[in-house]
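The residues making up each chain are set out below.
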Amino acid sequence: ATRARGTASSVSGGLEGWPSRAARMGCCFTAPAFERPTTTVFTTPYDDQKPGTSGLRKKVAVFKQEHYLANFVQATFNALREEGVDFRGRCLVVSGDGRYWMTEAIQTILRIATANGVKDVVVGVEGLMSTPAVSAVIRRHTSVSGEKPFGGFILTASHNPGGPDADFGIKYNGSNGAPAPESLTSKILEHTKKIDRYVWTEELIDIDLSKPAIKRLGGGKTVEVIDAATDYVALMREIFDFEALAAFVARKDFSMVFDGMHGVAGPFAKAIFVDALGMDESVLQNCEPSEDFGGGHPDPNLTYAKDLVERMGLGTQAAGEETPQFGAAADGDADRNMILGKGFFVTPSDSVAVLAANAAAAIPYFHDGLKGVARSMPTSGALDRVAAKLEVPFFEVPTGWKFFGNLMDDGKCSVCGEES
């Protein structure tokens, strides 16, 4: 076969040199007639697929190049295999922040994942899952076949704008729910430099993402569409005292507003503040996910969260009687936040310090105390002072959530945060 972009040949299994499960067991195997046939597509590498601290981010036009996304996804599977991750017959999570081109990307990943032997794929309703929710689903979910996820792909460019002329991104989280460690991203990069083929199913995988459902693909493989917000709220109930929170937000002297910035946070905010805590939907603004984030820049800061800044008395009008007591916003994939009080701004550096200082007393999950705290190098020293006061271990790490994940996996860190 000619090794040019787009040349394909039908095969019955995975990549060349990748023995099937049946072959590894020393027996012959014939694919059932209803199993979707796979195709090997020959390709050539791109030289700009080095993952950053939060995956691969490029303009949509770059991702739309022939085989660009497919190369990166297959390179990830190749790297996982080299790392000793046995993903054949197991479960993968795939979702994103709702930005433009996400559904097309989900389709590509589904076709490549199932062709590589993944048995079950879990996707959020409408393809939506916040980055924290993906982490929770990876750690907690069990597929319809009884499999625990080995990892997940998150389709997001975080706080970057969305739309046809804007940004797109993809990152991989491992079985611990954390971003891929440098050892894996380095291997992914090396495989992107030498990839010459990928496999995927010949046919599109037709799935209705509008509601929870199970799609059986044949060959024992499934795609499960879940309401990730339900699972996420269940996790939050294990961490926070929802009865105390519901009583607090019902007080007449308390008012608040949450700005979803038209990102993925909206459905999760409704599930928590409205459905679980009983607040009126008027506390939510810009909570309808949009492919272009309502034409805005989904970065929760004083520059881009203009609607919230204005409403909290930090814009053209000073705070007044109608100004809420508390305001918050989240970025496109809901892993970055901003906190405002009536007429004042709380820096992220102070937010993490306040959380750490009050965690043991206010949050049931931390009632036994903190194992340790950590911040990125650019974050201010407020957290350092809290750690000293509480006499708990303190760590400073490079920017990038993967470094916090290492500390958490080692049981050394309970609360952490970055300057953004």
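Each remark here, short or long, concerns the structure printed above.
Residues numbered from 1 in each chain as written. Predicted model: local features only at pLDDT ≥ 70, side-chain atom pairs only at ≥ 80, totals over all residues. Heavy atoms only, no water.

A. Highlighting the overall build of the protein chain. Counting its regular elements, the protein chain contains 13 helices and 18 strands. The C-alpha radius of gyration of the protein chain comes to 23 Å, within 12% of the 22 Å expected for a compact globule of 420 residues. Referenced to the eigenvectors of the C-alpha coordinate spread, the extents of the protein chain come out at roughly 70 × 45 × 40 Å. Out of the 420 residues in the protein chain, the part that is buried amounts to 51%. Of all intrachain contacts in the protein chain linking residues separated by at least 6 positions in sequence, the fraction that spans at least 24 positions is 73%. Total accessible area computed for the protein chain in this model is approximately 18,900 Å², and 51% of it derives from carbon and sulfur atoms. (Helix = DSSP H or I, 4+ residues; strand = E, 2+ residues; numbered from the N terminus. Rg over C-alpha atoms; globule rule 2.2 N^0.38 Å. Buried < 20%, exposed > 50% of the residue type's maximum accessible area, 1.4 Å probe, protein only. Contact = heavy atoms within 4.5 Å. Areas by Shrake-Rupley, 256 points an atom, 1.4 Å probe, with all protein chains shown as cover.)

B. Summary view of the sheet that holds strand β11 (residues 256-259). Here we have 5 strands laid out as an open sheet, ordered β12-β11-β13-β14-β15, and mixed in their pairing. Only two strands of the sheet have a single neighbouring strand rather than two, namely β12 (284-285) and β15 (344-346). By the bridge criterion, 4 bridges tie β11 to strand β13 (residues 326-330) in an arrangement that is parallel. Bridge pairing in β13 links D259 to A329. (Pairing = 2+ DSSP bridges.)

C. Focus on the pattern of salt bridges. Per the counting criterion, the structure on display carries 15 salt bridges. Here R99 makes a salt bridge to D97, at a shortest N to O gap of 3.0 Å. D253 is paired through a salt bridge with R251; the nearest N and O atoms lie 2.8 Å apart. (Salt bridge = Lys/Arg side-chain N within 4 Å of Asp/Glu carboxyl O.)

D. View of the nonpolar core. F77, L92, M129, I170, F258 and F273 are the most contacted members of the largest nonpolar core, which totals 96 residues. In terms of residue count, helix α3 (residues 68-82) provides more of this core than any other element does, 8 residues in total. Beyond its immediate sequence surroundings of up to four residues, F258 is in contact with A265, A269, F273, V283, L284, Q285, C287, A328, A329 and A330. Formed by 9 residues, the second largest nonpolar core is a distinct cluster that contains M261, L308, V309 and M312. (Core = buried A, V, L, I, M, F, W, Y, C linked by side-chain atoms within 4.5 Å.)

E. Just empty space enclosed by the protein, in detail. Considering all chains together, one arrives at 2 cavities of 30 Å³ or more under this definition. Roughly 100 Å³ of volume is contained in the largest cavity. Forming the walls of the largest cavity are 14 residues, and the residues nearest its centre are G55, K171, Y172, A180 and T185. Elements supplying a minimum of two residues to the lining of the largest cavity: β7 (167-173) and α6 (182-194). At 3 residues, β7 tops the list of elements feeding residues into the lining of the largest cavity. Here the lining of the largest cavity is built from residues that sort into 7 nonpolar, 5 polar and 2 charged. Taken as a whole, the second largest cavity holds about 60 Å³ of empty space. Contributing to the lining of the second largest cavity are E35, R36, T38, T114, A115, T201, L217, G218 and K221. Secondary structure elements with two or more residues in the lining of the second largest cavity: α4 (102-115) and β9 (213-218). (1 Å grid on protein atoms, 1.4 Å probe; cavity = no way out; pocket = protein on both sides within 12 Å on 5 of 7 lines; lining within 4 Å. Points joined across faces, edges and corners; volume = space filled by probe spheres on them. Nonpolar A, V, L, I, M, F, W, Y, C, P; charged D, E, K, R; others polar.)

F. Summary view of helix α13 (residues 401-409). Residues of α13 that are buried include every one of K402, F403, F404, G405 and L407, and no others. Residues of α13 that are buried sit in contact with α6, β16 (373-376), β17 (394-397) and β18 (415-417). Following α13 by one or two positions, G411 has its phi on the positive side, about 70 degrees.

G. Quick look at the side chain of T39. Mapped onto the elements, T39 comes out in strand β2 (residues 38-42). By relative accessible area, T39 is classed as buried at 9%. Engagement of the side chain of T39 in a polar contact is seen with the side chain of E202, the distance being 3.1 Å. (Polar contact = N/O pair within 3.5 Å; in protein donor to acceptor, adjacent residues only side chain to side chain.)

H. Spotlight on the packing of aromatic side chains. Going through the model one piece at a time under the given rule, you end up with 15 aromatic pairs. When the ring of F63 is compared with that of W101, the centres are 6.4 Å apart and the planes differ by 45 degrees; the resulting orientation is tilted. Note that F63 is positioned in helix α2 (residues 60-63) and W101 in the loop between β4 (91-96) and α4, a separation of 38 residues in sequence. This pair shows no difference in class: F63 is buried, exactly as W101 is. An angle of 65 degrees between the planes, with centres 5.5 Å apart, marks the rings of F153 and Y172 as edge-to-face. On the criterion of sequence distance, the pair formed by F153 in strand β6 (residues 149-155) and Y172 in strand β7 is long-range, its members being 19 residues apart. This pair shows no difference in class: F153 is buried, exactly as Y172 is. (Phe/Tyr/Trp six-rings, centres within 6.5 Å; stacked < 30°, edge-to-face > 60°.)

I. The sheet that holds β16, seen in detail. On the basis of which strands lie adjacent, the open sheet formed by 3 strands has the order β17-β16-β18 and parallel pairing. A single partner strand is all that each edge strand has here, and the edge strands are β17 and β18. Taken pair by pair, the neighbouring strands of this sheet meet at an average axis angle of 15 degrees, ignoring direction. As defined by bridge partners, β16 adjoins β17 across 4 bridges and the pair is classed as parallel. Bridge pairing links V373 to F394 in β17. Sheet strands touched by helix α12 (residues 382-390): β16 and β17. Its angle to β16, the strand with the most contacts, is close to 165 degrees. (Axes fitted to C-alpha atoms, helices over the stretch in contact; angles between N-to-C directions.)

J. Local environment of the side chain of S414. Within the fold, S414 resides in the loop between α13 and β18. Looking at S414, its side chain comes within polar contact range of the main-chain nitrogen of K371, at 2.9 Å.

K. A nonpolar patch on the surface, seen in detail. A contiguous nonpolar surface patch, about 220 Å² in accessible area, is contributed by L302, L314 and F345. Turning to its location among the elements, F345 is positioned in strand β15. Judged by relative accessible area, which is 32%, F345 ranks as partly exposed. (Patch = residues over 30% accessible without salt bridge, like charges linked within 9 Å, V, L, I, M, F, W, Y side chains within 5 Å.)

L. The arrangement of the environment of S183 in detail. Summarising the element assignment, S183 is placed in helix α6. Each C-alpha atom, one on S183 and one on A79, is 9.7 Å from the other, the two residues being 104 residues apart in sequence.

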